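Take a look at the letters that make up each chain.
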Amino acid sequence: MKPYAEMSKEELVALRRDLKAKYHDFQTKDLKLDMSRGKPSVEQLDLSMGMMDVLSSDDDLTCEDGTDCRNYGVLTGIDEAKELLADMMEVNPSTIIIYGNSSLNVMYDTVSRAMTHGIMGNEPWCRQDKIKFLCPVPGYDRHFAITEYFGIEMINVPMTSEGPDMDMVERLVASDPAIKGIWCVPKYSNPQGYSYSDETVRRFARLEPAAPDFRIFWDNAYGVHHLYDHDQDHLIEILAECKRAGNPDLVYKFASTSKISFPGSGIAAIATSHNNLEDIKVQLKNQTIGHDKVNQLRHVRFFGDIHGMVEHMRKHADIIRPKFEAVEEILERELGGLGIGQWTKPKGGYFISFDSLDGCAKDIVARCKKAGVVMTGAGATYPYGKDPHDSNIRIAPTYPPLGDLVVATELFALCVKLTSAEKLLK
Ligand code: PLP
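So, how was this worked out
- Residues numbered from 1 in each chain as written.
- Predicted model: local features only at pLDDT ≥ 70, side-chain atom pairs only at ≥ 80, totals over all residues.
- Domains from an automatic or database assignment.
- Contact = placed C-beta atoms within 7 Å.
- Helix = DSSP H or I, 4+ residues; strand = E, 2+ residues; numbered from the N terminus.
- Nonpolar A, V, L, I, M, F, W, Y, C, P; charged D, E, K, R; others polar.
- Near = placed C-beta within 6 Å.
- Core = buried A, V, L, I, M, F, W, Y, C linked by C-beta atoms within 7 Å.
- Buried ≥ 20, exposed ≤ 12 C-beta atoms within 10 Å, placed from the backbone.
- Axes fitted to C-alpha atoms, helices over the stretch in contact; angles between N-to-C directions.
- Parallel < 35°, antiparallel > 145°, perpendicular 65-115°, else oblique.
- Left-handed = near helix turned anticlockwise from the far one by under 90°.
- Pairing = 2+ DSSP bridges.
- Right-handed = clockwise from strand over helix to strand, strands pointing away.

### Digging into the domain arrangement of the protein chain
When its domains are assigned, the protein chain resolves into domain 1 (4-44 + 310-425) and domain 2 (71-304). Computed from C-alpha atoms alone, the centre-to-centre distance between domain 1 and domain 2 is 30 Å. Contact with domain 1, which involves 26 residues of that partner, is made by 29 residues of domain 2. Looking at the side of domain 1 that touches domain 2, the elements with two or more residues in it are α11 (306-335), β11 (352-356) and β13 (392-395). Element by element, the count of residues in the side of domain 1 that touches domain 2 is highest for α11, at eight residues. The class makeup of the residues in the side of domain 1 that touches domain 2 is 14 nonpolar, seven polar and five charged.

Set out below in structure tokens:
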């Protein structure tokens, strides 16, 4: 089939009639499918069930330094968990604080602390005139929700396949002291699955912010989430690069085991400079006596070490790779060459990002919903839910069983075609 833009009005009208009939067929199927959130599937969760058995009532729950994990204490996490997560985050264990069950919670907490108490002796953000964050777009809706909640103004920065537009980042950060942070998902980004190039990471480490309390919020949520064994993205490690560049305090690095063990029941961590760690601990010691050490120990005993975790992630990849490939195959078969959409082909992470013709995304998502397939809301990948082009749609292939995913993607492709044909006829 030729590109839609090259079709005559008559051809488009005939096409629309044909696509509408197909859409009605889908509507009679009474589908109830969900491609909206990036959750692991049941089979993926089953991979970690051994974690339920690694600690039993007969086991000694003493950790390496002699601490009884059943009791209070150890504010920044047990040593063996620090070692495991440090290897996962490619940093030194001395740079880490282990938190509770959610890295998003740590990010929220980090923004909240800066708001009320400031960063390293600077004026709290709530007492400063205006606070702004740079938001690479499309991006992760829950990042944007945190900054919106605190009334922080969000500025869109376009993403490229190499990372955010660094000319724009450098210019804005250097010229505006109200800009205090930037949300980054540097590896297998949410939603595009892009990984930052070496040049991008180097330029981040060499930013010259006008604000002394500017920080990069480096959310390494998909650091070990490769889809392929022999074709993986590897990034320059940002903490080390910042140190090399003479900017050791510039970055907070976040990660968790949410999509490695159990989402909501994993362990999360922050890695950052000595100065930032000391600053955080002033709050932390008032906030808690310590996080869940039994869960930390459970993770260490289950994975053993980073090699165990890498092996475990291969099993995840074996489950989700066919799903990503099925979506890509259907999109190519149904939409390839039609000029009505583009999509990413990630080598890891949890999402595929789709861009429709301008002004079509909301209608496509609404149409999918009417036929029983829930997608992430159009606009969700932008601050304030406002996609200026109304074109980006996040596809989350991991959760549905393969059979459901195939049907859902076929319906999605049909909705893209129908909506695009209608758009071109307007
Ligand atoms: N960061 C990103 C980029 C994510 O995509 C997600 C989950 O989808 C999270 C953080 C959530 O992490 P956690 O479960 O550790 O709060």
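### With respect to the site of the ligand
Around the ligand sit 13 residues in total, of which Ser102, Ser103, Leu104, Ser256 and Ser258 are the nearest. A per-class count over the shell around the ligand returns six nonpolar, six polar and one charged.

### Description of the nonpolar core
Residues Leu85, Ala269, Cys368, Val373, Leu411 and Phe412 are the most contacted members of the largest nonpolar core, which totals 113 residues. Residue contributions to this core peak at ten residues, all from helix α13 (residues 402-425). When residues of this core are sorted by domain, at least three fall in each of domain 1 (4-44 + 310-425) and domain 2 (71-304). Aside from chain neighbours lying at most four places away, what touches alanine 269 is Leu85, Met89, Ile96, Ile97, Ile98, Tyr99 and Ala255.

### A few points about the packing of helix α3 (residues 79-89) against helix α10 (residues 293-303)
It is at 9 Å that the axes of α3 and α10 come closest, and there the two elements cross at 60 degrees. In terms of orientation, α3 lies oblique with respect to α10. Of the two possible hands of crossing, α3 and α10 adopt the one that is left-handed. On α10, the residues touching Glu80, Ala81 and Leu84 of α3 are Gln296, His299, Val300 and Phe303. Looking at side-chain class alone, the contact of α3 with α10 contains four nonpolar, two polar and one charged residues.

### Looking at the pairing of strand β3 (residues 132-137)
Across the six residues that make up β3, a large majority, five, are buried. Here β3 runs beside strand β4 (residues 153-160); their pairing, made up of six bridges, is parallel. By the bridge assignment, cysteine 135 is partnered in β4 with asparagine 156. Following the chain from β3 across helix α5 (residues 141-149) to the adjacent parallel β4, one finds a crossover that is right-handed.

### Focus on unusual backbone geometry
Cis geometry marks the peptide bond from valine 137 to proline 138; its omega dihedral reads 0 degrees. Relative to the helices and strands, proline 138 is located in the loop between β3 and α5. One non-glycine residue, aspartate 30, adopts positive backbone phi at about 55 degrees. Among the secondary structure elements, aspartate 30 is positioned in the loop between α1 (9-27) and β1 (33-35). Exposure remark for aspartate 30: the 8 C-beta atoms within 10 Å place this residue in the exposed category. Of note in this structure, glutamate 90 is not a glycine but carries a positive phi near 60 degrees.

### Points about the packing of α1 against α13
At their nearest, the axes of α1 and α13 sit 9 Å apart, and the two run at 145 degrees to each other. The handedness of the crossing between α1 and α13 comes out as left-handed. Between α1 and α13, the contacting residues are Lys9, Leu12, Val13, Leu15, Arg16, Leu19, Lys20, Lys22, Tyr23 and Phe26 on the first element and Leu411, Leu414, Lys417, Leu418, Ala421, Glu422, Leu424 and Leu425 on the second. By residue class, the composition of the contact of α1 with α13 is twelve nonpolar, no polar and six charged.

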